[in-house]
Amino acid sequence: MLQLIGFDGDDTLWHSEGYYQAAQAEFQAIVGRYVDVADGEVRQRMLGTERRNLALFGYGAKGMALSMVETAITITDARVSASDIHRLVAIGKEVLAHPVELLPGIREAVAAVAEHHEVVLITKGDLFHQEKKVKQSGLSGLFHRIEIVSEKDAGTYRRVLGEFALAPAQFAMVGNSLRSDIEPVVRLGGWGVHMPYHVTWEHELENGLGEDEPHVVTVDAPAQIPAAVARLRVLAVD
Ligand SMILES: [Mg+2]
């Protein structure tokens, strides 16, 4: 029996990645004033720096800003000006301060799912930023529990399920990232509702799931989430 439904935060409840992509575009424009390097290569260098730094900085805009500074210094052979570094730090602050804008229909979707299941918000990233977004979203009252975690892997989901004393087959996760929201849960024996967002950070695209994964239902919009969960409810009984 399907008991607990987890919801991702960024790009599932509220818009997020667009702010990071806008920051990336401005970063490329700044670096482009110093070196004649294709935007694609600048993006790959930045992605490499961010990935190397994830274990130290974790996810989120503060780590992004520090990785921008580091990448700008290395890519320009330390010629990047102090005022441009100042601007990179400001870009990070702007991402941290963006308004929280819910995806259309998500409040109603979470409320509808909560009529049949316990619902938990499982979001990763910078603790201050995530706490602020949860508060500003006005959705926290809908969730039985809110988990802000540093990584969304099998160990994290196992711990959350342990706290609810549930088996993986009793749990489904709703989210936009196959890598963070869907694959680790399905690998444990749980279920997934994948709702792709129109833009995705390259790091989150990597996953090992097949095309026709029987434990995953894909939806286009929040309004389809309650029916997708109902479908998994039926599948989970068989
Ligand atoms: Mg997300």
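The following paragraphs examine the structure supplied in this document.

Criteria and thresholds
Residues numbered from 1 in each chain as written. Predicted model: local features only at pLDDT ≥ 70, side-chain atom pairs only at ≥ 80, totals over all residues. Heavy atoms only, no water. Donors = N, O, S within 2.8 Å, 3.2 Å for Na, K, Ca; no water. Buried < 20%, exposed > 50% of the residue type's maximum accessible area, 1.4 Å probe, protein only. Helix = DSSP H or I, 4+ residues; strand = E, 2+ residues; numbered from the N terminus. Contact = heavy atoms within 4.5 Å. Expected span 1.5 Å × (residues − 1). 1 Å grid on protein atoms, 1.4 Å probe; cavity = no way out; pocket = protein on both sides within 12 Å on 5 of 7 lines; lining within 4 Å. Points joined across faces, edges and corners; volume = space filled by probe spheres on them. Nonpolar A, V, L, I, M, F, W, Y, C, P; charged D, E, K, R; others polar. Domains from an automatic or database assignment. Phe/Tyr/Trp six-rings, centres within 6.5 Å; stacked < 30°, edge-to-face > 60°. Lys NZ or Arg CZ within 6 Å of the ring centre and 35° of its normal.

Next up on the list: the coordination of the magnesium ion. Around a metal, the idealised angle for a tetrahedral arrangement of four donor atoms is 109.5 degrees; for an octahedral arrangement of six donor atoms it is 90 or 180 degrees. Protein-derived coordination of the magnesium ion comes from Asp8 (OD), Asp10 (O) and Asn176 (OD1), at a distance range of 2.1 to 2.2 Å. The sequence pattern describing where the donors of the magnesium ion fall on their chain is D-x1-D-x165-N. The class for Asp10 is buried, based on a relative accessible area of 17%.

On to the side chain of Lys152, then. If you trace the backbone, Lys152 turns up in the loop between β3 (145-149) and α7 (154-163). Once you skip the residues sitting within four places of it in the chain, Lys152 turns out to touch Asp8, Ile122, Thr123, Lys124, Tyr157, Met173, Ser180, Asp181 and Pro184.

Moving on to helix α4 (residues 82-97). Spanning 16 residues, α4 covers 23 Å between terminal C-alpha atoms, matching the ideal 22 Å at 1.5 Å per step. Where α4 is buried, its residues touch α1 (17-32), α3 (61-75) and α6 (127-137).

Before going further, it helps to examine the layout of surface pockets. Unoccupied space between atoms shows up once a probe the size of one water molecule is rolled over them. There is about 700 Å³ of room inside the largest pocket. Lining the largest pocket are 43 residues, with Glu17, Tyr20, Tyr59, Trp201 and Glu204 sitting closest to its centre. Of all elements in the fold, only α1, α2 (39-57), α3, β2 (118-124), α6, α8 (178-188) and α9 (202-205) reach the threshold of two or more residues within the lining of the largest pocket. In terms of residue class, the lining of the largest pocket is made up of 13 nonpolar, 17 polar and 13 charged. Each of two domains, domain 1 (4-15 + 101-237) and domain 2 (17-96), supplies a minimum of three residues to the lining of the largest pocket. For the second largest pocket, the calculated volume is near 200 Å³. What lines the second largest pocket is simply Leu178, His194, Asn207, Leu209, Gly210, Glu211, Asp212, Glu213, Val216 and Thr218. Its residues assigned to classes, the lining of the second largest pocket shows three nonpolar, four polar and three charged.

What follows covers the packing of aromatic side chains. As enumerated under the stated definition, the model contains three aromatic pairs in all. Relative to Trp201, the ring of Tyr59 lies with its centre 6.2 Å away and its plane at 90°, an arrangement referred to as edge-to-face. Separated by 142 residues along the polypeptide, Tyr59 in the loop between α2 and α3 and Trp201 in the loop between β5 (191-194) and α9 bring together distant segments of the chain. Plain terms: the ring middles of Tyr157 and Phe171 are 6.2 Å apart, the flat faces sit at 40° to each other, and that makes the pair tilted. In this pair, Tyr157 sits in helix α7 while Phe171 sits in strand β4 (residues 171-175), placing the two residues 14 residues apart along the sequence. For Tyr157, a relative accessible area of 1% translates into the label buried. For the cation-ring pair, Lys124 lies above Tyr59, with the distance from its terminal atom to the ring centre recorded as 4.2 Å.

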